[in-house]
Each structure stands twice: as structure tokens, then as C-alpha cells.
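The chain contents come next:
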Amino acid sequence: MSRFRRANERALRGPLRPGELARRHIPKGLAAPEPLEDVTLPRRYTFERLLSVDLRHTYFNRSEGRCPALVCRPTSATAALLRDLGLIFRDEGTSFTVLYDYNRRAQLLKAMERREKLGQWTWLSFVLVPDTPYFVNFTDLPSDFQPTEVNLYFNNLQAHFAGEQPSPEDQELHCAGTASLPVLINPGEQVTEASRQRVVQVQVQVPLLPGADEVVLLDLSGAEVLCRPCSIPVALLQKQSPSRITCEEVRATRGLKGPEQRVGDFLYLDLSALPEGIYTVRQLDAAGATLHQGTILYTQAYPTPLAFLDLVLSKPSPGDVGLYPLCDLSLGAEKTRIVPLRAELRFERRSTRWCYYVVPPRGVRYDVLRLLDVSSPQPVTFSGPVPVTVAGAGDAYLFVADQELPLQEVPDQLFELTGSRAEGVFESTLMSNVPVASPAMVLPRVGPPPGVPRATRPSGQRRAPQPSPLEQRDYSDIYLNL
């Protein structure tokens, strides 16, 4: 057997298994095959969990709150960092996980220790992209939420146990393995509009304040990653473009006598060389004092993300709050423990005021109409019917729910419409399974519900408080064509 053939067999079938030579029919008199000491056994991998985030949403009651409507993707800079550290990212549908090779655990911790000694943070960044156009509609977020302008932003610097406030002692409980409560990434018990951050693209326009001398850009760790001067010596402008002139060059040149030229009322920051993430923009005066500070989120333009997530691997300082998978990294790689961080990101479903427009056949009028909840021990009540006119359909009857009802993947409500015609005698069932509100149509309106509702609630049940004239509420319109 030629050496070339043996090499190809090893490539296709791997190393020979014990006992395989005995099963082969080798003619007597032929020399035994060469020993296989030169065969290199394949490297064995043992991957374990470093961190994971479960996506939860109360809208998905069919799947016990697990949210399949968000796709998680690492940013390009994080994908490169995962390769460098030997980590693996897995999107598991309703969650995502980062795994590490246990056999290379020492190398990973040594790399983390080197970055720790340099004062550098190590974090992983991910974007969450909805795979349905109605995600904002069925989520408890402002109706005017535009992912192209703002994104939800989360990080584990404020991670906490469910029902508890963030505390510096949380990390010790996590590392000891004594905590039993779920870990939440979102501030509070659910995602709210307070987590919104303004989204910017590659170029950022900064309106300059009077007296601003420098504009500084800081990353998540507070490290300066970009600095642009607000006024530049003319001697430097004669040598290179203003966009390439750094603050260090201006500081070095200011020792020489010469006039300076103001860049204008606006300064433009180029973020193309920076990784996607959250940044702090500061305007400093000549003495280094902060005149103004703001936060921006630089992320991809397409596919348009809904949320951005940063996960820091180790606790920055003993006094900080949050929860992290690497424990005691400041003590050195030998004493560092990896305790997998299992966290949740919880979204809440949207509740709307349901409005039913009952459109009778042309020329038919009803003396009695009732919209009844036949499924709940505490039935949903409606005000109405109110005669209204529907564009393109003519006369109709309007029912408005007395309280806001949640949108759900599988509705709990079962409504029935009964009534009798003006010329009829007996009341009959007009529709036994009335359609429920769809997340495809959520309409924000200001003021009270349309029409002048007439109460049809059972006696003893009160109507929900009416909104003020300037209060905005979300409504769901449902049309019933009889």
C-alpha cells in the first residue's frame, strides 16, 4: 500500500480503529502494515456555556413566553473577537449562547488577564433584529417607536436578580452559585421605553457650543477612542485635510504662534473605523471641562435592528454592580472561575382598547345587539352599541371595550354577538366566535373613545375611567360584516 494511498485513507476515514487490521484479509507471506505511531489523533473539543440570554415575551403564550420573533447576530467586531478567543456563538431560536472550549480554558483566561492588567474591558456586542413587521405593535413600547431612529439598548452592567435592585454583592452570589432568582438584563422587571437610545450612522453631526475646544468620543468602558478639534491652526490646514487632523496635532502646534480657524457651527465625526456600539460624546472647553455630554448608538443600517446588547465578561471594579461570567479575574488567571451567566431579556405585551364595528346588511336595522364574553368568569364588558357611519360601508354599530385588553398569540377571549332585527321577534346568535384584535392594526388616538357609548354592562359593574382629552391611548379596530 503506497504512502500516498494511506494518507488519503486517513483523510477520508480518520485513524484506523483497534482491531480493524485483524478484520482485513491479508494474504500470508506479506509484510505487516507499518505501525501508526505517526498518525496524529484528531483534537477533541469540549465546549461549555460561557453565557446565554433567553428572550422572553408575554405575547407568546403558546410557547410559555419564549420569544421566537427576534434574531440575534453578533456585530462584525464581536465575530472577530469570538474567533480570536476560541468562542462559539449559537442562535437557539428563542435564546442565544456563547460557548468556550474547556480544553483551552487556560489560554482564554490568560488572554483575559492580559487585557485586565492593561485596564481594558472585554465585552461582546449583539444586535436583535425582529423577523416580523408587527413586533412593535404587540410589544409594550410607544406606538411611535421607529427602529431606524432609536434602538433599545441593554448591557449587564445593570443586570440584577428579578424583583431586586442592582447591588455590588450580586456578583458574589452569582459566583457562589447560591442565587436562585432569574437574572434580568433589562432594567426593572420588563423592557420599557426608558431603554431607548438614539441611533446614528457612519457620520455624526455635532452642533458645537460656544467655547467648545474639543469633541471627544468615549466607548462603553469610558476610554477615549476619538477626538476632534473645534479650531485648527492655519499652519496645519495648509498641510492636510481638516478631517484628518487630530487633537494631539493641534495641541502640539498651539505652542507655536499663529492664527487658528474655527471649523464652523457643526463638527462631523467619522465612525467608520470604530466598532458598532454605544458611545458618549463630550464637548470640552480649553481647560478640559465638560460643556455638554450625550449618548449615541452606532449600529448597522440593514437589516434594521430593534435592540443592541453589550455583555461585559468580567466585573470592572469591586464597587460596580452587574453580573458577569468571569469571577475574580483581578486575582489572576489561575484563581479565576468561570460561572456561566444565564440571563433573561423580558418584553411585555401591548394592551389596547378594542373597538368593534358591526356592519349590518344593507337596509337591515337591529333593535337589540349584544357583544358578550362567554369564556371568562370575569367577563369583558363593552359600551355600546353606538350608531356610527363607516366610510365605504354606511351605517354601523360600535362597541368599545370598557378596559384595555392584551394582545396575545393565542387569545383567551371568546366573544359572541347576538341580536334581533327591528322586524324580528326573537334574539338569535349572529356570530358565535367573534374575531379578536390583530397586532397588524394598532391605532394611537388622543382623547376618549369615538362616539357616545351607551352602557350595556351587567348591573353592578363599573365602567373603566375615561381618558383625559389630551391622553393618548392605543386602539384596535375590528370590523364585523354581518
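Above this text sits the structure in question.
This is a predicted model, so every value here is computed, not measured.

Colleague: What exactly am I supposed to notice about the pairing of strand β21 (residues 341–347) here?
Modeller: Burial analysis of β21 places five of its seven residues in the buried class, which makes it a mostly covered element. Two strands pair when backbone bridges link them, and strand β1 (residues 47–57) and β21 are joined in this way by seven bridges, in the parallel orientation. Paired with L51 across the strands is L341, a residue of β21. Two strands pair when backbone bridges link them, and strand β8 (residues 183–184) and β21 are joined in this way by two bridges, in the parallel orientation. Note on β21: the bridge partner recorded for V183 is A343.

Colleague: Any chance you could explain the packing of aromatic side chains here in plain terms?
Modeller: Each aromatic ring pair is specified by the distance between its two centres and by the angle formed by the two planes. According to the stated counting rule, one finds 15 aromatic pairs in the structure shown. Measuring from centroid to centroid gives 6.1 Å for Y356 and F415, while their planes differ by 85°, and the two rings are edge-to-face. Here Y356 is found in strand β22 (residues 351–359), whereas its partner F415 is found in strand β27 (residues 415–421), with 59 residues between them in sequence. Since its relative accessible area comes to 0%, Y356 is described here as buried. Take F415: its relative accessible area is 0%, and that puts it in the buried class. With 5.0 Å between their ring centres and 20° between their planes, Y357 and Y479 make a pair best called stacked. Residue Y357 is located in strand β22, and its partner Y479 is located in strand β30 (residues 472–481); the two are separated by 122 residues in the primary sequence. Among the residues examined, Y357 registers a relative accessible area of 10% and is labelled buried. Since its relative accessible area comes to 42%, Y479 is described here as partly exposed. Here a set of aromatic residues connected by ring pairs shows up, and it is made of Y59, F60, F135, F138 and F347.

Colleague: I tried to follow the sheet that holds strand β28 (residues 428–431) on my own but got confused; where do I start?
Modeller: Strand pairing in a sheet takes place through backbone hydrogen bonds and is either antiparallel or parallel in direction. Overall, antiparallel pairing links the three strands, which are arranged β23-β27-β28 in an open sheet. This sheet does not close on itself; its edge strands, each paired only once, are β23 (366–373) and β28. Between one strand and the next, the sheet's axes are offset by a mean angle of 35°, whatever the strand orientation. Relative to β27, β23 runs antiparallel, the two sharing seven bridges. Note on β27: the bridge partner recorded for L372 is E416.

Colleague: Could you clarify how one ought to interpret the layout of surface pockets in this entry?
Modeller: Within this model, the second largest pocket holds a volume of roughly 410 Å³. As for the second largest pocket, its lining consists of 25 residues, and the residues nearest its centre are R115, W121, W123, D219 and P275. Contributing elements (two or more residues each) for the lining of the second largest pocket: α3 (76–85), β5 (123–130) and β16 (277–284). When residues of the lining of the second largest pocket are assigned to their parent elements, the largest contribution, five residues, is made by α3. Of the residues in the lining of the second largest pocket, the class split is twelve nonpolar, eight polar and five charged.

Colleague: What should I look at first to understand the environment of L51 in this one?
Modeller: Examined against the element boundaries, L51 turns out to sit in strand β1. A sequence separation of 288 residues divides L51 from V339, and the C-alpha atoms of the two residues are 8.6 Å apart.

Conventions and cut-offs
- Residues numbered from 1 in each chain as written.
- Predicted model: local features only at pLDDT ≥ 70, side-chain atom pairs only at ≥ 80, totals over all residues.
- Heavy atoms only, no water.
- Buried < 20%, exposed > 50% of the residue type's maximum accessible area, 1.4 Å probe, protein only.
- Helix = DSSP H or I, 4+ residues; strand = E, 2+ residues; numbered from the N terminus.
- Pairing = 2+ DSSP bridges.
- Phe/Tyr/Trp six-rings, centres within 6.5 Å; stacked < 30°, edge-to-face > 60°.
- Axes fitted to C-alpha atoms, helices over the stretch in contact; angles between N-to-C directions.
- 1 Å grid on protein atoms, 1.4 Å probe; cavity = no way out; pocket = protein on both sides within 12 Å on 5 of 7 lines; lining within 4 Å.
- Points joined across faces, edges and corners; volume = space filled by probe spheres on them.
- Nonpolar A, V, L, I, M, F, W, Y, C, P; charged D, E, K, R; others polar.

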